[in-house]
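What follows is each chain in one-letter form.
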Amino acid sequence: MFDPTSIPERAEWMDQFAQAPNVIIFDTFIRVYFSCRPKPDNNGQYVSYSAYVDLSRDHKFSVLGVADKPCLQLGNTGTFDEFGTYPLSAIQDDDKIVAYYGGWTRCESVPFDVAIGCAKSVDGGKTFNKLGDGPVLSYSLDEPFVVASPKINKFDGTWYLSYIAGRSWFEHEGRTEITYKIRMATSQDGIHWTKVNRDLITDKLGEDEAQACPDIIYRNNKYHMFFCYRQAIDFRRNKDNSYRIGYAYSDDLMTWKRDDERVGLDISTEGWDSEMIAYPNVFELDGKIYMFYLGNEVGKYGFGLAELEGDLI
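Below is a short write-up of the structure. Only a predicted model underlies this, so the values are computations on that prediction, with no experimental measurement involved. (Residues numbered from 1 in each chain as written. Predicted model: local features only at pLDDT ≥ 70, side-chain atom pairs only at ≥ 80, totals over all residues. Heavy atoms only, no water.)

## A few points about empty space enclosed by the protein
To be explicit about the condition: Lining residues are defined by having an atom within 4 Å of a point belonging to a cavity or pocket. Those points lie on a 1 Å grid over the protein atoms alone, cavities being sets where a 1.4 Å probe fits but cannot get out and pockets being open sets with protein on both sides within 12 Å along at least five of seven lines. Grid points are joined across faces, edges and corners, and a volume is the space filled by probe spheres set on the points. Only DSSP runs of H or I reaching four residues or more are called helices, and only runs of E reaching two or more are called strands; each is numbered from the N terminus. Classification convention: Asp, Glu, Lys, Arg as charged; Ala, Val, Leu, Ile, Met, Phe, Trp, Tyr, Cys, Pro as nonpolar; all other residues, Gly among them, as polar.
Counting across every chain of the model gives one cavity of 30 Å³ or more. In this structure, the largest cavity encloses a volume near 40 Å³. Lining the largest cavity are Ala-20, Pro-87, Leu-88, Ser-89, Ser-149, Pro-150, Lys-151 and Cys-213. At the level of secondary structure, the elements contributing two or more residues to the lining of the largest cavity comprise β5 (84–93) and β9 (145–155). Considered class by class, the residues forming the lining of the largest cavity number five nonpolar, two polar and one charged.

Here it is in structure tokens:
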């Protein structure tokens, strides 16, 4: 488990949280991107930065080093990513690393809005430069709220961006809440995207189920998606309504069959992940399948690791 609060003399911008882990595998180490926060301001408002931790490849995953500055800068005044870059999903593309991230802005009638930006790195993923001040994927006629939680893949020369789109905002006990569903877009260049414009995953908890973090891995001639889901309300205080990890599989990336029973991972009886498990990142390393995931308070105390027993079939 990686907990940013355990870092001696950590920077103020990395005071807490290690959210939405995403792995890039190098020859001698793995780099895990995550999102972190400084303390809230006087109004209780947060900003979110993107960072990384380098871990050993020897399956002990000991910490080799941590970013000494955010790898992606926040946007300028009035831009879509002025207040946060969360989450970030990166992929190797020839001699570059390309990242897609959720850019956060604050609102008045609702607490936030999110669109998806793109940035590229030419120094091995230590720093990223944005393609521009605007997003590459944003709201549209069929997706009018919160386009977020990007996960990038490239299969057979085509780029696939899985993400979530807000279904509706609503009021509950004086707080504005949102539900969202998993969606997908495709591209030939990683910049111009065509949306599929439909939900990919069926609901388990009813139509108000909120889904997030659709992470896809291809193995044994099949596409496997791990994601997280929760009830629309009372998920912060009631662990029975909070995030769990779901699973679906597909032959073509467009039609998915949900089968959460195959996840085999649930909350612990006590400790850092005893209330929720969320935001999975599944990856293959030296013939084994691993999952990084968040625990209580959506990663306030860092992310943990699980190893698959058997194989994905």
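## Some details on the sheet that holds strand β2 (residues 29–37)
Stated formally: Strands qualify as paired when DSSP identifies two bridges or more between them. Here, axes are lines fitted to C-alpha atoms. For helices the fit covers the stretch in contact, and angles between N-to-C directions go from 0 to 180 degrees.
Spatial strand order, β1-β2-β3-β4: four strands in an open sheet with antiparallel pairing. On the outer flanks of this sheet lie β1 (16–25) and β4 (63–66), each paired with one strand and no other. The average undirected angle you get between the axes of adjacent strands in this sheet is 25 degrees. Across three bridges, the pairing between strand β3 (residues 49–56) and β4 is antiparallel. Paired with Leu-55 across the two strands is Val-63, which belongs to β4.

## Some remarks on the pattern of salt bridges
Side chains that differ in charge, positive against negative, can pair when their charged atoms come close. Note the following rule: A pair is scored as a salt bridge if a Lys or Arg side-chain nitrogen falls within 4 Å of a carboxyl oxygen belonging to Asp or Glu. In this scheme, a residue with accessible area under 20% of its type's maximum is buried, one over 50% is exposed, and one in between is partly exposed, where area comes from a 1.4 Å probe on protein chains only.
One pass over the full model with this rule turns up 24 salt bridges. Put simply, Asp-15 and Arg-10 hold a salt bridge, and the shortest N to O gap is 3.6 Å. Look at Asp-15 and you get buried, because its relative accessible area is 12%. A relative accessible area of 28% places Arg-10 in the partly exposed class. One salt bridge in this structure joins Lys-195 and Glu-143, with 2.8 Å as the shortest N-O distance. Pair noted here: Lys-195 is in strand β12 (residues 194–195) and Glu-143 is in the loop between β8 (129–130) and β9, with a separation of 52 residues, a long-range link. The pair formed by Lys-195 and Glu-143 is uniform in burial state, with each residue classed as buried.

## Examining the layout of surface pockets
Considering only enclosed or pocket space, the largest pocket measures out at about 1300 Å³ in volume. Along the walls of the largest pocket sit 40 residues, with Arg-37, Trp-104, Phe-112, Arg-175 and Arg-236 positioned nearest its centre. Breaking the lining of the largest pocket down by element, the ones donating at least two residues are β1, β5, β6 (96–106), β7 (112–121), β9, β10 (158–172), β11 (175–187) and α1 (296–299). For the second largest pocket, the lining is made up of 21 residues, of which Val-23, Ile-91, Asn-153, Val-282 and Phe-283 are closest to its centre. Elements supplying a minimum of two residues to the lining of the second largest pocket: β1, β5, β9, β13 (210–219) and β17 (278–285). The dominant element in the lining of the second largest pocket, judged by the number of residues it contributes, is β9, at five residues. Partitioning the lining of the second largest pocket into residue classes produces 12 nonpolar, five polar and four charged.

## Details of unusual backbone geometry
The amide bond that connects Tyr-86 to the next residue, Pro-87, takes the cis arrangement and shows omega of -5 degrees. Summarising the element assignment, Pro-87 is placed in strand β5. For Phe-61, which is not a glycine, the phi torsion comes out positive at approximately 55 degrees. Of note, Phe-61 is situated in the loop between β3 and β4. Phi at Asp-234 takes a positive value of approximately 55 degrees, unusual for a residue other than glycine. Turning to its location among the elements, Asp-234 is positioned in the loop between β14 (222–230) and β15 (244–250).

## Considerations on the packing of aromatic side chains
The condition that has to hold: Pairing of aromatic side chains here covers Phe, Tyr and the six-membered ring of Trp, requires ring centres within 6.5 Å, and sorts the geometry by plane angle: under 30 degrees stacked, over 60 edge-to-face, intermediate tilted. Whether a charge sits over a ring depends on NZ of Lys or CZ of Arg being within 6 Å of the ring centre and within 35 degrees of the ring normal.
This model, assessed by the stated rule, comprises 30 aromatic pairs. With centroids separated by 6.3 Å and ring planes inclined at 50 degrees, the aromatic side chains of Phe-227 and Tyr-229 adopt a geometry described as tilted. Each member of the pair, Phe-227 as well as Tyr-229, is classed as buried. Through pairs of rings, three or more aromatic residues link up here, namely Phe-2, Phe-34, Phe-61, Phe-283, Tyr-290, Phe-292 and Phe-303. Over the face of the ring belonging to Phe-17 we find Arg-37, whose NZ or CZ atom lies 3.9 Å from the ring centre. The cationic tip of Lys-222 hangs over the ring face of Tyr-249; the distance from NZ or CZ to the ring centre is 4.9 Å.

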